Amino acid sequence: NKMAVNDAQWYWKGDDGWIAYEEETNKKLELAHRRQKTLKLNETYKVNFKESIQYRIDDPDRQREIKRDDKPLQKQAVKRGKEEVEEKKKPEPVQKIQKAAVSYDNKTNVKRMQRDLRITKEAEAKGELAFSVELIDDDLYRWEIKLHELDPTSQLAKQLAKYAQKHHIPPVITLRFYFPDDYPMSAPMVHIVTPKLVGNYIFSGGLCMNILMQGWAAGIVPEALLLQVRQLFMEGGVRIADENKVDSYSEQEARNGFKSAAQAHKNDKSFE
């Protein structure tokens, strides 16, 4: 016997775990899955069953995982006198499924993070961008990156060399990348730790380039982001705030600055 269309449940992966599609959408998904056809859910989204993803029509790089589960309709034999009747178990509530998913792993894409870290480490080993990357407290979603070299002809590189010599410290710029739970659907936050830099796109240590706002796409990897950050430092009018003291931006300062700039970016279409 073939399963009825409503004997399977489809889910999409949100920030807090797996979320069930509504009944009508679920039926459309199941029918299309049986025919192995790409499904246009609505004017915004399509579903690719082969890749198990839902993606935006206007930006295919913006994707979410989907999955299919047979509803728990296992049959139990229940004795009633001399007869045995079969009774279906009720489907497990969606809330329970979501809770289990969250308790197992509230990060949406560990494999993507592991892949991106590996790619970034490989780029570090090649030495073309002269940087190093380490996890903060072994947290896969928090990276510390040190830029060891800029174009020596850039104004910031010259200033950094004098600053380092004056304070007897390495001529290094320290950054931190904080990846959100729904990465790569959302961009990481970039925190300029030390030295304290000021200039275009920098708000109290929070970096607010367009690539981190409307310009973000799920296909962008940290190495490419780092390349743009490095380019900005060399060409974007960035300088050390105070050459006379060694200082740094705290994470809270950077987050507050990023939040304020993100709101300005959202309200002003000309903001870059």
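A brief report on the enclosed structure follows. (Residues numbered from 1 in each chain as written. Predicted model: local features only at pLDDT ≥ 70, side-chain atom pairs only at ≥ 80, totals over all residues. Heavy atoms only, no water.)

Our focus in this paragraph is the overall build of the chain. For the chain, the count of helices and strands is six helices and 16 strands. In the chain, which comprises 272 residues, the share counted as buried stands at 38%. For the chain, contacts bridging at least 24 residues in sequence account for 58% of all contacts bridging at least 6. When the accessible surface of the chain is summed, it comes to about 16,300 Å², and 46% of that surface belongs to carbon and sulfur atoms. (Helix = DSSP H or I, 4+ residues; strand = E, 2+ residues; numbered from the N terminus. Buried < 20%, exposed > 50% of the residue type's maximum accessible area, 1.4 Å probe, protein only. Contact = heavy atoms within 4.5 Å. Areas by Shrake-Rupley, 256 points an atom, 1.4 Å probe, with all protein chains shown as cover.)

This part covers helix 4 (residues 155–167). In a regular helix each residue adds 1.5 Å, so 13 residues correspond to 18 Å; helix 4 covers 19 Å between its end C-alpha atoms and thus fits that length. Packing partners of the buried residues in helix 4 comprise strand 11 (173–178), strand 13 (197–198), helix 5 (222–235) and strand 16 (239–240). Histidine 168 lies just past helix 4 and shows a positive phi near 60 degrees. (Expected span 1.5 Å × (residues − 1).)

Before going further, it helps to examine the sheet that holds strand 14 (residues 202–203). Reading across from one edge, 9-10-11-12-15-14 is the order of the six strands in this open sheet, with antiparallel pairing throughout. Every interior strand has two partners, whereas the edge strands, strand 9 (131–136) and strand 14, have only one. Pairing of strand 14 with strand 15 (residues 206–207) involves two bridges; the strand directions are antiparallel. The residue of strand 15 that forms the bridge with phenylalanine 203 is glycine 206. Those strands touched by helix 5 are strand 9, strand 10 (139–147), strand 11, strand 12 (189–194), strand 14 and strand 15, and its axis lies near 140 degrees from that of strand 11. (Pairing = 2+ DSSP bridges. Axes fitted to C-alpha atoms, helices over the stretch in contact; angles between N-to-C directions.)

Moving on to the pairing of strand 5 (residues 53–56). Pairing between strand 4 (residues 45–48) and strand 5: four bridges, direction antiparallel. Opposite asparagine 48, over in strand 5, you have isoleucine 53 as the bridge partner. Counted between consecutive antiparallel strands, the loop separating strand 4 from strand 5 contains four residues, among which serine 52 sits at a positive phi close to 55 degrees. The pairing of strand 5 with strand 6 (residues 63–70) spans three bridges and is antiparallel. When the bridges of strand 6 are listed, glutamine 54 appears paired with arginine 64.

The antiparallel open sheet is built from six strands, whose spatial order is 2-1-6-5-4-3. Each edge of the open sheet carries a strand with a single partner, namely strand 2 (17–20) and strand 3 (39–40). The strands touched by helix 1 (residues 23–35) are strand 1 (8–14), strand 3, strand 4 and strand 6; relative to strand 1, the strand with the most contacts, the crossing angle is about 105 degrees.

On the secondary structure map, arginine 112 appears in helix 3 (residues 110–126). On the accessibility criterion, arginine 112 (11% relative accessible area) is buried. Residue contacts for arginine 112: discarding those within four places in its chain leaves Tyr183, Pro184, Ala218, Gly219, Ile220 and Val221.

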